[in-house]
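Per-entry structural report
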Amino acid sequence: MPVSRRSLLRNCASFPVYALVAELARAAPRTQAVPARRWLSLQSELARALAGGKISPADWHQQVNELSKDVDLESLAHELRRARIKDAGAPFGHDPQKRFVTILGEDDAPVRLGYGLALFDFGPESVITPHAHRYMASAHMVIDGRVRVRTFDRVKDEENFLILRPTQDTLAEPGHSAAMTSSTDNVHWFAPRSSRAMTIDVIIDGLDRGKDRYLIEPVDPLRGSQLSDGTIRAPLISFERSMELYRASS
Ligand SMILES: [Fe+2]
């Protein structure tokens, strides 16, 4: 008899989460959604495993995306309504509005997740322009509307350029998670395809000891040179130039 996803989650609390998520991927049928509290705590275990070097960035990437496929979005919405939400300042250019999220426990005290959580609220003209990252990992999950998600592997660094390989161009709906790590999908780009859209972002920074906590590097794949092996030699550009060049419709 197949094991339901929820019962597996409930019964295997002591099982290493990274093995658990792989097990969940094989468990069928998927009839039960993962409650938001469980999703948040499994994210904590995955974040700790990544920061502690117990799983590779590629494994974290795959497992975070897998975990999000069955999250109960109603229960996540309930947690977000209870949470403390704080604006992260006025958006730069046509960035979406970013908001920091503090999840509250049963006693209304802040829950220490071990990772950052932020909402990105897109209007019709908002866009997260294409950019690369260092020293961090993140996963944007769509929770409202539709978002065109484009990702690229960072194959090689050259002076003022990145060699990129396109990996994904998807019209993402609620429950779709797009992770990025140093090894996989290091460049991402999010543009709404509905009048409103929202993502929730799991953020783990400070992954490289002795370096900055994170570094964001805007890049221009649309004006890069197509190379014969299918990669793109894309120029690194400033944040201001990125805002000039990229719109929601780009
Ligand atoms: Fe990013």
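Each remark here, short or long, concerns the structure printed above.
**Some words on the pairing of strand β6 (residues 147-158)**
Bridging between β6 and strand β7 (residues 161-172) involves eleven bridges; their strand directions are antiparallel. Residue pairing for β7: V149 is matched across the bridge by T170. Counting the residues between successive antiparallel strands, the hairpin from β6 to β7 contains two residues, one of them, N160, with a positive phi of roughly 70 degrees. Of the pairings in the sheet, the one linking β6 to strand β9 (residues 187-192) comprises six bridges and is antiparallel in character. Of the residues in β9, the one forming a bridge with R150 is W189.

**Re the sheet that holds strand β8 (residues 177-180)**
Spatial strand order, β1-β2-β3-β10-β5-β8: six strands in an open sheet with antiparallel pairing. Since the sheet does not close on itself, it has two edges, and those belong to β1 (84-87) and β8, each with one partner. Here the strands of the sheet are splayed against their neighbours by 25 degrees on average, with no regard to which way each runs. The sheet strands contacting helix α3 (residues 36-51) are β3 (116-122), β5 (137-144) and β10 (197-204), and the helix crosses β10 at an angle near 40 degrees. With respect to the sheet, helix α5 (residues 73-82) is in contact with β1, β2 (97-102), β3, β5 and β10, its orientation differing from that of β5 by roughly 100 degrees.

**Examining the packing of α3 against helix α4 (residues 57-68)**
The contact between α3 and α4 brings their axes to 10 Å, and the two run at 175 degrees. When the interaxial angle is binned, α3 and α4 end up roughly antiparallel. Listed contacts from α4 to W39, L42, Q43, L46, A47 and L50 of α3 are P57, W60, Q63, V64, L67 and S68. For the contact of α3 with α4, the per-class residue count stands at nine nonpolar, three polar and no charged.

**A short note on the packing of aromatic side chains**
Applying the stated criterion to the full structure yields one aromatic pair. With centroids separated by 5.1 Å and ring planes inclined at 90 degrees, the aromatic side chains of W189 and Y246 adopt a geometry described as edge-to-face. Linking W189 in strand β9 with Y246 in the segment after α6 (239-245), this pair joins segments that are 57 residues apart in sequence. We classify W189 as buried; its relative accessible area is 2%. Over the aromatic face of W189 sits the side chain of R150, whose NZ or CZ is 3.5 Å from the ring centroid. Over the ring of Y246 we find R223; its NZ or CZ atom is 5.6 Å from the centre of that ring.

**A word on unusual backbone geometry**
Of note in the backbone geometry, D108 takes a positive phi value of approximately 70 degrees without being a glycine. Along the polypeptide, D108 turns up in the loop between β2 and β3. With phi around 65 degrees, Y135 is a residue other than glycine that occupies positive phi space. Relative to the helices and strands, Y135 is located in the loop between β4 (128-134) and β5.

**Brief notes about the sheet that holds strand β13 (residues 232-235)**
Taken together, the seven strands give an open sheet; going across it, the order is β11-β4-β9-β6-β7-β13-β12, and neighbouring strands pair in antiparallel fashion. Of all strands in the sheet, those with a lone pairing partner are β11 (215-218) and β12 (225-226), marking the two edges. Two elements, β7 and β13, share four bridges in a ladder whose sense is antiparallel. Note on β13: the bridge partner recorded for L164 is I232.

**Some points on the pairing of β9**
Within β9, six of the six residues are buried, which leaves it mostly tucked inside the rest of the structure. Residues V187, W189 and A191 line one face of β9 and the alternating positions H188, F190 and P192 line the opposite face, and both faces are buried. Bridge count for β4 against β9 is two bridges, and the pairing is antiparallel. Bridging from a neighbouring strand, I128 pairs with F190 of β9.

**Quick look at the coordination of the iron ion**
Here the iron ion is held by H131 (NE2), H133 (NE2) and H188 (NE2), and the distances to it run 2.1 Å. As a motif over one chain, the donors of the iron ion read H-x1-H-x54-H. Placement of the pair is H133 in strand β4 and H188 in strand β9, with a sequence separation of 55 residues. Owing to a relative accessible area of 2%, H188 belongs among the buried residues under this scheme.

So, how was this worked out
- Residues numbered from 1 in each chain as written.
- Predicted model: local features only at pLDDT ≥ 70, side-chain atom pairs only at ≥ 80, totals over all residues.
- Heavy atoms only, no water.
- Pairing = 2+ DSSP bridges.
- Helix = DSSP H or I, 4+ residues; strand = E, 2+ residues; numbered from the N terminus.
- Axes fitted to C-alpha atoms, helices over the stretch in contact; angles between N-to-C directions.
- Contact = heavy atoms within 4.5 Å.
- Parallel < 35°, antiparallel > 145°, perpendicular 65-115°, else oblique.
- Nonpolar A, V, L, I, M, F, W, Y, C, P; charged D, E, K, R; others polar.
- Phe/Tyr/Trp six-rings, centres within 6.5 Å; stacked < 30°, edge-to-face > 60°.
- Buried < 20%, exposed > 50% of the residue type's maximum accessible area, 1.4 Å probe, protein only.
- Lys NZ or Arg CZ within 6 Å of the ring centre and 35° of its normal.
- Donors = N, O, S within 2.8 Å, 3.2 Å for Na, K, Ca; no water.

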